[in-house]
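Commentary on secondary and tertiary structure
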Amino acid sequence: MTFPPRLIDGYRAFAATRLPVERSRFERLAETGQQPEVMIIGCCDSRVSPEVIFDAHPGELFVVRNVANLVPPYSVTGFTHGVSAAIEFAVLGLKVRHIVVLGHSRCGGIRAFIERRHHPDEHDFIANWMALITPAAQRLEDDGAAEKADYVTRLEQASIVATIENLKTFPWVGERVERGELQLLGAYFNVATGLLEVYQPGSGSFEPVPAAMPGDRAAE
Ligand SMILES: [Zn+2]
């Protein structure tokens, strides 16, 4: 058994360059515990790392990643609700202020859903998992979007909205959203261009993040 050399090299680079810069932060976080204000629900896709996209430091983002950034509806039956357990810890334990559902272009999970949807296989974990977006896909098809060239993009974005809707079915999420203590947000990352678009609940559209203004972190 060999640990991948790429990971060994990567850790050495981290220990030599980033760790010295972040050391005091790590020490403080070890002492006080983590207090992230943001939870990210992202996709496993290796091109869509929330910490990279949001230029995040240790302790800033509480991240759960799964195929196609999905959340199942609230359910107390079954025992292996990994995503729901992470949401419970983030909301009730850490008291995060924002949950961001981060979807992306060229999502393999979405593609698998489109390809396998009409060929159910009970032994196919991905197909069973991706069935969570069936209602969102059905709504798109009812609107005639299935024939359009941007159907995949629409479905990728619809799955973000579906995840936000499923988050609201968790009673302690819905209550906190009602009281203004918790925000549910969506964002869509374009893998080819690096463009990030943010979900606008009013219009239902996704709009690009505005360019940096003087005084912003990116403009410094
Ligand atoms: Zn994906």
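Heads up: these notes are all about the structure in this document. By convention here, each chain's residues receive numbers from 1 onward along its written sequence. This being a predicted model, a pLDDT of at least 70 is required before a residue's local features are given, and a value of 80 or more before pairs of side-chain atoms are given or counted; all residues contribute to the totals for chains, interfaces and linings. Side-chain calculation: all heavy atoms of the structure are included, whereas hydrogens and water are not.

1. Brief notes about the environment of Ile164
Per the convention used, a helix needs a DSSP run of H or I reaching at least four residues, while a strand needs a run of E reaching at least two, with both numbered from the N terminus. Mapped onto the elements of the fold, Ile164 is located in helix H7 (residues 151–168). It is 16 Å that separates the C-alpha atoms of Ile164 and Ala85, two residues lying 79 residues apart in sequence. Each residue touching Ile164, except ones within four places of it in the same chain, is listed here: Val101, Leu184, Leu185, Gly186 and Tyr199. The contact definition used throughout considers only heavy atoms, calling two residues in contact when any of these lie within 4.5 Å.

2. What about the packing of helix H3 (residues 82–93) against helix H8 (residues 171–178)?
Helix packing for two helices is described by the angle between their axes and how far apart those axes are. For the pair H3 and H8, the least separation of the axes is 10 Å and the interaxial angle reads 35°. Seen along the crossing, H3 lies across H8 with a hand that is left-handed. Here Ser84, Ile87, Glu88, Val91 and Leu92 of H3 come into contact with H8, specifically with Trp172, Val173 and Arg176. In this analysis, axes come from line fits to C-alpha atoms, helices being fitted only over the stretch in contact, and the angle between any two N-to-C directions falls in the range 0 to 180 degrees. Crossings are classed by handedness, with left-handed meaning an anticlockwise turn of the near helix from the far one by less than a right angle and right-handed meaning a clockwise turn.

3. A closer look at the packing of aromatic side chains
For Phe, Tyr and Trp, rings pair up if their centres lie within 6.5 Å, where Trp contributes its six-membered ring, and each pair is then called stacked (planes under 30 degrees apart), edge-to-face (over 60) or tilted (otherwise). Under the definition given, this model contains seven aromatic pairs. Here the aromatic rings of Phe14 and Phe26 are separated by 6.4 Å at their centres, their planes lie at 85°, and the arrangement is edge-to-face. According to the relative accessible area criterion, Phe14 is partly exposed, its value standing at 29%. Three exposure classes are used, based on accessible area relative to the maximum for each residue type with a 1.4 Å probe and protein chains only: buried under 20%, partly exposed in between, and exposed over 50%.

4. With respect to the coordination of the zinc ion
Think of the donor list as every N, O and S atom within 2.8 Å of the metal, or within 3.2 Å for Na, K and Ca; water never makes the list, so a site can look incomplete. At the metal site, the zinc ion is ligated by Cys43 (SG), His104 (NE2) and Cys107 (SG), and these contacts range over 2.0 to 2.3 Å. On the primary sequence, the residues serving as donors to the zinc ion are separated as C-x60-H-x2-C. On the criterion of sequence distance, the pair formed by Cys43 in strand S1 (residues 38–43) and Cys107 in the loop between strand S3 (98–104) and helix H4 (108–116) is long-range, its members being 64 residues apart.

5. Structural notes on helix H1 (residues 5–32)
Residues that lie three or four places apart on an α-helix share one face, since the helix turns once every 3.6 residues. Given the number of residues in a helix, its expected span is that number minus one, multiplied by 1.5 Å. Given a rise of 1.5 Å per residue, 28 residues ought to cover 40 Å, yet the end C-alpha atoms of H1 are separated by just 34 Å, more than 12% below that figure. At every residue, the bend is computed as the angle between two fitted axes, covering the seven residues ending there and the seven beginning there respectively. In H1, a bend of some 65° at Leu19 exceeds every other bend along the element, and Pro20, a proline, comes one to four places later. All of the buried residues along H1 are Leu19, Glu22 and Leu29.

6. Things to note about the sheet that holds strand S5 (residues 196–200)
Either a parallel or an antiparallel arrangement is found when strands of a sheet pair, and the pairing is made through backbone hydrogen bonds. Paired strands are those between which DSSP finds at least two bridges. Ordered by their spatial adjacency, six strands build an open sheet running S2-S1-S3-S4-S5-S6, and the pairing between neighbours is mixed. If you trace the sheet from one side to the other, it starts and ends with strand S2 (61–66) and strand S6 (205–208), each paired once. Strand after strand, the sheet turns through a mean of 30° between neighbouring axes, direction not considered. Of the strand pairs in this sheet, S3 and strand S4 (residues 183–189) are connected by seven bridges, and their pairing is parallel. From the neighbouring strand, His98 faces S4, where its bridge partner is Gln183. The strands touched by H3 within the sheet are S1, S2 and S3, with S2 carrying the most contacts at an inclination of about 170°. The strands touched by H7 within the sheet are S1, S3, S4, S5 and S6, with S4 carrying the most contacts at an inclination of about 165°.

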